[in-house]
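Analysis of the macromolecular model
The lines below spell out each chain.
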Amino acid sequence: MNITCLITSTHTKSFSKQLVAPVPTKPLPIDTTPFTYSTKINPFNQSINQPTQLFHKLTFNNSITQVPKRRKQKMSEETKAILATYTDPISEESTSQSTTPFIGQRFATHEAAYESYSRFAKRVGFSIRRHRTDGKDGVGRGLMRRYFVCHRAGNTPSKQPSPKPQRNRKSSRCGCQAYMRITKTSNPTNNLEWRITGFSNHHNHELLKPDQVKYLPAYRVISGFYKSRILAFSKSGISIPQMMRLLEIESCAGPGELNFTEKDVRNLIQSFKKEDEKEEDGESDDLVRVCEGMKERDGDLRFDCKRDCGGRVESIAWACNSSVELYGEFGDAVVFDTSRRLEGFNEMVFGVWVGVNNYGKPCLFGCVLLEEESLRSFTWALQVFLRFMNGKSPRTVLTDQNSCLREAIQNEMPNSKHAFCIWLIITKLPSWFNAILGDRFSDFETEFYQLYNSESEGEFEIRWREMVENYGIHSNRHILNLFALRSFWALPYLRNYFLAGLHAPGAAKLINEFIQQFLTSQTRLSHFIEQVTIPQNPSFQNQTLQTISFKTGSPIESHAALHLTPYAFAKLQDELVMAAHYAAFRTDESAFLVGHHTEGRTGSGRIVTWVPHREVLSCSCRMFEFTGILCRHVLRVLSTTNCFQIPDHYLPVRWRRAHTSEEPVQEDSDEVKELESMVSELVSEAAKDERVRKFVLEEVKGVLKRVRDKNGDVGFSS
């Protein structure tokens with residue numbers, strides 16, 4: 001680059017005292033005699049109206065041109081004005097391209113000097129760090145001198161003895177003497193600036209190559225853009241090697257060309273987690289304050305929390321008083337779902353106690369946040385839950401396959417039947433067997449579910465051995481574990497215990513949809529507590545009116561429709577429809593063999609016991625014990641023996657419409673029985689014709705409205 005400058009000869013020596021030219025390779029000593037100059041622009045773009053002055057034309061071609069000495073003259077006022085507007089070419093701007101530092105190089109700030117030296121160091125093959133300073137900001141003249149040294153300067157510091165184990169990390173320091181010293185000075189315009197007053201580039205170690213120097217800690221910097229991408233990838237569950245590959249693709253970089261490593265990404269993610277822990281601790285404290293406020297305000301909340309030795313919330317459990325009331329009615333079968341973890345609470349385990357009411361709708365009994373899935377945590381959760389529920393244990397509790405939880409339930413709820421949710425097991429089958437079985441996995445999954453529904457324990461064990469033999473998975477640890485714990489999940493081993501339908505795969509969808517009404521990824525848990533108290537209020541139990549349609553027209557169907565909720569009636573109605581396809585053969589005075597009509601007496605069937613005078617019913621399929629709904633086999637025997645009503649105790653209070661803890665006093669009166677008979681006959685007649693059914697429906701609505709008005713009007717008089 002050629003640069004032409006016009007300079008008056010009368011002031012050459014004056015300028016030479018102020019200006020120093022940069023040298024491409026090594027610094028030159030400041031010479032007060034010759035004038036040296038290099039710049040990008042003509043600094044003297046003002047016309048000088050002195051025709052008697054001699055101008056010299058100087059041309060620079062990437063080299064130093066010296067002006068001969070001139071007689072020292074006094075600086076004129078005009079020249080001083082020019083100097084005031086002159087920008088020294090030997091400055092931060094002209095040396096920003098990683099040039100070699102040299103004595104006299106100037107910078108506006110010490111940070112600019114550091115950045116310039118750092119760029120040079122990276123180009124050469126080392127990194128730098130801040131070393132000693134002279135002076136101190138705010139004291140005297142402030143910070144006056146700074147030293148920047150090679151990252152390998154100094155000696156290995158000796159470690160102080162400590163009772164804690166220390167990492168034996170090798171130090172990179174080797175006493176390197178390379179350094180740069182800058183000093184604060186005043187320029188001709190009395191503005192403060194920093195000038196290099198000492199520099200050495202002599203290293204006692206090998207310098208790194210360009211493809212190696214980028215791995216020095218000083219240059220492994222993750223920008224804000226990459227930080228946001230890494231955070232998003234981390235929340236999505238992407239592994240660190242996959243993150244690196246994605247970032248390389250996004251940056252159009254080859255493998256290993258990013259200026260940070262997998263270790264840096266791992267450390268960054270760890271720092272994110274530490275920051276989240278601080279925020280989550282605050283969120284946990286907010287949750288405790290919300291619980292305390294609700295308890296003081298209306299007393300409708302029971303809660304307990306456990307803190308660690310540092311005062312941080314470790315576990316917290318809560319339940320509404322209305323949930324306690326519901327548990328007293330529908331807490332016979334409970335799911336303790338611990339499959340969720342909350343991102344906003346340091347990935348704490350979120351457990352929910354859920355059951356179903358008489359309308360088949362989920363009802364929430366309580367919630368718990370646990371720091372970990374350990375025996376100690378689960379034991380605390382069970383103890384608190386029992387205390388909330390006044391010491392009443394459920395008849396059956398369903399959970400995930402967790403050895404710690406299994407042991408805790410065995411210790412804290414010894415009288416409860418513990419079972420595993422089959423829908424939680426089925427969701428794990430792909431991760432357990434997909435890679436092993438390949439294309440045969442779909443057939444295995446179908447066969448596994450059929451085996452789960454086996455009729456008897458003997459049938460289950462025979463078919464299990466056949467399945468294991470067929471797929472060659474004898475030694476698979478998951479197969480061994482499932483068979484060892486078969487009494488916790490296989491239906492043949494659970495048919496004697498009441499599960500309220502919570503064992504079915506459909507229960508998973510029901511529970512998930514219920515929880516997601518209140519708890520989403522954007523919901524704060526403190527708001528969730530306030531939200532769930534609304535539907536748990538007993539007044540919420542006014543269920544949506546469901547239409548009942550009759551399918552058989554039998555008196556048993558009409559009788560069941562009077563007592564059971566639409567949910568329970570639909571279950572019994574399905575069995576009643578299927579009962580028409582079965583035949584019943586008396587084998588004893590009180591025993592029947594019931595099987596499908598295509599099988600006859602020789603086919604395998606179910607043994608049904610029916611003692612009319614004692615109104616005792618039982619079936620070998622154990623469906624009533626399992627679900628609280630009579631099976632098709634029993635219903636077929638009732639029809640065969642001309643029994644047109646279901647015995648009262650086989651219409652469980654749990655599944656009844658008007659569910660109350662006490663039966664009405666007039667239940668056994670003749671008037672009530674006559675009314676039931678009339679209503680049953682009315683329903684049977686209405687089911688025969690659609691036009692008649694509509695007529696009866698309208699009339700009954702009117703009668704029912706008048707009856708309700710009469711019961712609600714204290715001042716009513718006939």
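Within each chain, residue numbers correspond to sequence positions counted from 1 in written order. Residues qualify for local features only when their pLDDT is at least 70, as the model is predicted, and side-chain atom pairs are given and counted only at 80 or more; totals for whole chains, interfaces and linings, by contrast, use all residues. Side-chain measures were taken over the full set of non-hydrogen atoms in the model, leaving aside hydrogen atoms and water.

A closer look at the sheet that holds strand β7 (residues 192-200)
What makes two strands pair is DSSP finding at least two bridges between them. Helix and strand definitions here come from DSSP, where helices need a minimum of 4 consecutive H or I residues and strands a minimum of 2 consecutive E residues; each element is numbered from the N-terminal end. Taken in spatial order, the 5 strands line up as β3-β7-β6-β5-β4 in an open sheet, and their pairing is antiparallel. Edge strands, defined here as strands with exactly one partner in the open sheet, are β3 (106-107) and β4 (128-134). Pairing of β3 with β7, which is carried by 2 bridges, proceeds in the antiparallel orientation. Its bridge partner being in β7, Phe107 is matched across the sheet by Trp194. Here helix α3 (residues 110-124) sits on the sheet and contacts β3, β4, β5 (145-150), β6 (179-186) and β7; the angle it forms with β4, its principal contact strand, is near 145°. Only heavy atoms enter the contact rule, under which two residues are in contact if any of them lie within 4.5 Å. Axes, fitted as lines to C-alpha atoms, cover a helix only where it is in contact. Angles between the N-to-C directions of the axes lie from 0 to 180 degrees.

Things to note about helix α8 (residues 321-330)
Residue burial is assigned from relative accessible area. The probe radius is 1.4 Å, only protein chains are included, and a residue is buried under 20% of its type maximum, exposed over 50%, and partly exposed in between. Every buried residue belonging to α8 is among Ser322, Ser323, Val324, Leu326, Tyr327 and Phe330, and all of these are buried. Among the structural elements, β8 (301-307), β9 (313-320), β10 (333-342), β11 (348-356), β12 (362-370) and α9 (375-388) are those in contact with the buried residues of α8.

Focus: α3
The terminal C-alpha atoms of α3 lie 21 Å apart, and with 15 residues this matches the ideal 21 Å at 1.5 Å per residue to within 8%. Listed as buried for α3 are Ala112, Ala113, Tyr114, Ser116, Tyr117, Ser118, Phe120 and Ala121. Where α3 is buried, its residues contact β3, β4, β5, β6 and β7. Of the residues one or two after α3, Gly125 is the one with positive phi, at around 130°. Expected span, for any helix, means 1.5 Å times one less than how many residues it has.

Some words on the packing of helix α14 (residues 457-471) against helix α15 (residues 477-484)
Direction vectors running N to C along α14 and α15 enclose 180°, while the axes themselves pass 12 Å from each other. Classified by the interaxial angle, the pair formed by α14 and α15 is roughly antiparallel. Taken together, the residues of α15 that come into contact with α14 (itself represented by Glu461, Trp464 and Val468) are Ile479, Leu482 and Phe483. Classifying every residue of the contact of α14 with α15 gives 5 nonpolar, no polar and 1 charged. Roughly parallel here means an angle under 35 degrees, roughly antiparallel means over 145, roughly perpendicular means 65 to 115, and every remaining angle is called oblique. Ten residue types, Ala, Val, Leu, Ile, Met, Phe, Trp, Tyr, Cys and Pro, are classed as nonpolar, four, Asp, Glu, Lys and Arg, as charged, and the remainder, Gly among them, as polar.

As for the packing of aromatic side chains
Ring pairs are drawn from Phe, Tyr and Trp, using the six-membered ring of Trp, whenever the two centres fall within 6.5 Å, and their geometry is named by plane angle: stacked under 30 degrees, edge-to-face over 60, tilted for the rest. Here the structure, examined in full by the defined rule, presents 31 aromatic pairs. Summarising the aromatic geometry, the rings of Tyr114 and Phe148 are spaced 5.3 Å apart at their centres and angled 70° between planes, so their arrangement reads as edge-to-face. In this pair, Tyr114 sits in helix α3 while Phe148 sits in strand β5, placing the two residues 34 residues apart along the sequence. Residue classification places Tyr114 among the buried positions, given a relative accessible area of 13%. A relative accessible area of 0% places Phe148 in the buried class. Ring centres of Trp353 and Phe385 lie 3.8 Å apart, and the angle between their planes is 10°; on these two criteria the pair is classed as stacked. Of the two residues, Trp353 is situated in strand β11 and Phe385 in helix α9; the sequence distance between them amounts to 32 residues. Here Trp353 matches Phe385 in class, with each residue buried. Among the aromatic residues, ring-to-ring pairing joins Trp432, Phe433, Phe441, Phe444, Phe448, Phe460, Trp464, Tyr471, Phe483, Trp489 and Tyr493 into one connected group.

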